[in-house]
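These are the residues of each chain, in order.
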Amino acid sequence: MGGVLSTTDSDGAIFPRDLHFSEADFRAVRSLLYQRTGIALSDAKNHMAYARLAKRVRHKGFSSFADYLALLSSEQGAGEWEHFINSLTTNLTSFFRESHHFDILRQHAQQHAGNSGPYQVWSSAASTGEEPYSILFTLAQSLEGRDYRIVASDIDTNVLGKAAAGVYAADRVEKLDPALLRQFFVRGVGSNAGKVKVKAAWSRQIDFRRINLVDSQWPQLEQFDVIFCRNVLIYFDKPTQAGILEHFARHLKPHGLLLLGHSENIQHISTTFEPCGKTAYRLARG
Ligand SMILES: C[S@@+](CC[C@H](N)C(=O)[O-])C[C@H]1O[C@@H](n2cnc3c(N)ncnc32)[C@H](O)[C@@H]1O
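Because the structure is a prediction, the values reported are computed rather than measured.

Enquirer: Whenever I open this one, the pairing of strand E10 (residues 252–260) confuses me. Can you help?
Expert: Strand residues, when the strand is regular, have side chains that alternate between the two faces of the sheet. In terms of burial, E10 is a largely internal element, 7 of the 9 residues being buried. Bridge analysis of strand E9 (residues 224–229) against E10 gives 5 bridges, and the strand direction is parallel. Bridge pairing in E10 places Cys-229 opposite Leu-260. Regarding topology, helix H10 (residues 238–250) serves as the crossover connection from E9 to the parallel E10, and that connection is right-handed. Note: E10 against strand E12 (residues 280–283), 2 bridges, orientation antiparallel. Each bridged residue has a counterpart across the sheet, and for Leu-259 the counterpart in E12 is Ala-280.

So, in structure tokens, the structure goes:
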């Protein structure tokens, strides 16, 4: 049957829809996204799905979502999945978001770094990089001279590219301490005025990788002292969350910490982890 004829953007403005998007198309988008990423869209996300994917459908020269979905299911559509996923992820983030986690990280690093090989931290939903860079700044300042490694991963290759480039609008860093800004960033000049860039000597210390948290097999990964998995579990249903938590448990050192987002409570999902601070968890003892 006919699709909704208008859509609403993030500011609530209503626009007419120029592309045909039926309820069946929405259900197909939802199901494909869930199979590939674990992201579970509710009925209320119809407008969001249209708004985020329409640009890509137009870019491919289609006037209906049905034609675009047919491409995705065809052999020629194999390379399109990356764009489909990149279009539909939610990437909101900021430097030192939920700042208490960086206090926890500093204390934990000072206690455990140097005990057994490098101190290893994984930002597992790194988005555009603000989270792994906040980890890097914290470790650089608290572990001077000691060995540490940071892995930053995301399913979305577009945000990972931005993260690796380390270029941000200057207003994204305006609340950061000026000394930290001087240590880690350069200010853009000329056509880059109004932007800052993480100094290459720092950004190359982070290992950026594409990892899909719902892949049945993760790539070869080290054992981590701390895993950040913040503000992504909320997009998954409980069985998916439980599966990811079991994977994390296998990649944490015995004294390791798992740090989750403010609205992600896993106590009713996992007995493998127990709380040990504000949205901080460790492997359950006993
Ligand atoms: C809202 S951002 C959170 C960014 C950061 N962790 C923070 O808290 O500020 C969620 C990120 O999770 C990523 N994501 C969604 N599904 C994923 C999956 N299956 N595997 C890995 N990353 C995923 C998205 O691409 C997005 O960049």
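Past the structure itself, the notes keep going.
Enquirer: Just to check I follow, could you spell out the site of the ligand for this structure?
Expert: Looking at the ligand, there are 22 residues lining it, with Thr-93, Arg-97, Ala-125, Asp-154 and Asn-231 nearest. The contact in question runs from a nitrogen atom of the ligand to an N or O atom on the backbone of Thr-37, over 2.9 Å. Note that a nitrogen atom of the ligand is positioned 3.3 Å from one of the backbone N or O atoms of Ile-155. Contact with the protein chains removes 99% of the 600 Å² of surface that the ligand exposes when unbound. In terms of residue class, the shell around the ligand is made up of 9 nonpolar, 8 polar and 5 charged.

Enquirer: Where do I start with the sheet that holds strand E4 (residues 148–154) in this structure?
Expert: Hydrogen bonds between backbone atoms are what pair the strands of a sheet, whose relative direction is either parallel or antiparallel. A sheet is described by the order of its strands in space; here 7 strands give the open sequence E8-E4-E3-E9-E10-E12-E11, paired in mixed fashion. Strand pairing shows two members of the sheet lacking a second neighbour, strand E8 (206–210) and strand E11 (273–275), which therefore form its edges. The average angle at which neighbouring strand axes cross in this sheet is 25 degrees, direction not considered. In terms of strand pairing, E11 meets E12 through 3 bridges, oriented antiparallel. By the bridge assignment, Phe-273 is partnered in E12 with Leu-283. On the sheet, helix H5 (residues 100–112) packs against strand E3 (119–123), E9, E10 and E12 and is oriented at approximately 170 degrees with respect to E10.

Enquirer: For this particular structure, what's the right way to read the packing of helix H1 (residues 23–37) against helix H2 (residues 46–59)?
Expert: Geometrically, a packed helix pair is captured by the angle between its two axes and the distance between the axes. At a minimum axis distance of 10 Å, the contact between H1 and H2 shows a crossing angle of 80 degrees. With respect to their mutual orientation, H1 and H2 come out roughly perpendicular. Together, Glu-23, Phe-26 and Val-29 of H1 and Asn-46, Ala-49 and Leu-53 of H2 make up the contact between the two elements. Residues that form the contact of H1 with H2 fall into these classes: 4 nonpolar, 1 polar and 1 charged.

Enquirer: Would you mind going over the domain arrangement of the protein with me for this structure?
Expert: By a widely used convention, the size of an interface equals the accessible area lost when the partners come together. When cut into domains, the protein gives domain 1 (6–88) and domain 2 (100–167 + 198–283). Placing the centre of domain 1 and that of domain 2 at their C-alpha centroids yields a distance of 30 Å. Counting across the domain 1 and domain 2 interface gives 0 salt bridges. There are 5 residue pairs in polar contact (both at pLDDT 80 or more) connecting domain 1 and domain 2. Where the side of domain 1 that touches domain 2 is concerned, the elements lending two or more residues are H1 and helix H4 (81–88). Taken together, the residues of the side of domain 1 that touches domain 2 sort by class into 4 nonpolar, 3 polar and 2 charged.

Enquirer: Sorry if this is basic, but what is going on with the packing of aromatic side chains here?
Expert: Aromatic rings considered in pairs are described by the distance between their centres and by the relative angle of their planes. Applying the stated criterion across every chain yields a total of 22 aromatic pairs. Seen from their ring centres, Phe-184 and Trp-202 are 4.7 Å apart, and the 65 degrees between their planes marks the pair as edge-to-face. Note that Phe-184 is positioned in helix H8 (residues 178–184) and Trp-202 in helix H9 (residues 200–203), a separation of 18 residues in sequence. A connected cluster of aromatic rings, assembled from ring pairs, spans Phe-95, Phe-96, Phe-102, Tyr-133, Phe-137, Tyr-168, Phe-184, Phe-185, Trp-202, Phe-208 and Phe-228. The positively charged end of Arg-17 is found above the aromatic ring belonging to Tyr-50, 4.3 Å away from the centroid. In this structure, Arg-36 is placed above the aromatic ring of Trp-81, and the distance from its NZ or CZ to the ring centre is 3.7 Å.

Enquirer: Hey, could you run me through the sheet that holds strand E5 (residues 167–169) in this one?
Expert: Pairing is antiparallel across the open sheet formed by 3 strands, whose spatial order is E5-E7-E6. Of all the strands in the sheet, just E5 and strand E6 (185–187) have a single pairing partner and so form its edges. For this sheet, the mean angle separating the axes of adjacent strands, direction not counted, is 30 degrees. For E6 and strand E7 (residues 195–198), the ladder comprises 3 bridges, and the chain directions are antiparallel. Residue pairing across strands places Arg-187 opposite Val-196, the latter belonging to E7.

Scoring rules and cut-offs
- Residues numbered from 1 in each chain as written.
- Predicted model: local features only at pLDDT ≥ 70, side-chain atom pairs only at ≥ 80, totals over all residues.
- Heavy atoms only, no water.
- Buried < 20%, exposed > 50% of the residue type's maximum accessible area, 1.4 Å probe, protein only.
- Helix = DSSP H or I, 4+ residues; strand = E, 2+ residues; numbered from the N terminus.
- Pairing = 2+ DSSP bridges.
- Right-handed = clockwise from strand over helix to strand, strands pointing away.
- Near = heavy atom within 4 Å.
- Polar contact = N/O pair within 3.5 Å; in protein donor to acceptor, adjacent residues only side chain to side chain.
- Areas by Shrake-Rupley, 256 points an atom, 1.4 Å probe, with all protein chains shown as cover.
- Nonpolar A, V, L, I, M, F, W, Y, C, P; charged D, E, K, R; others polar.
- Axes fitted to C-alpha atoms, helices over the stretch in contact; angles between N-to-C directions.
- Contact = heavy atoms within 4.5 Å.
- Parallel < 35°, antiparallel > 145°, perpendicular 65-115°, else oblique.
- Domains from an automatic or database assignment.
- Salt bridge = Lys/Arg side-chain N within 4 Å of Asp/Glu carboxyl O.
- Phe/Tyr/Trp six-rings, centres within 6.5 Å; stacked < 30°, edge-to-face > 60°.
- Lys NZ or Arg CZ within 6 Å of the ring centre and 35° of its normal.

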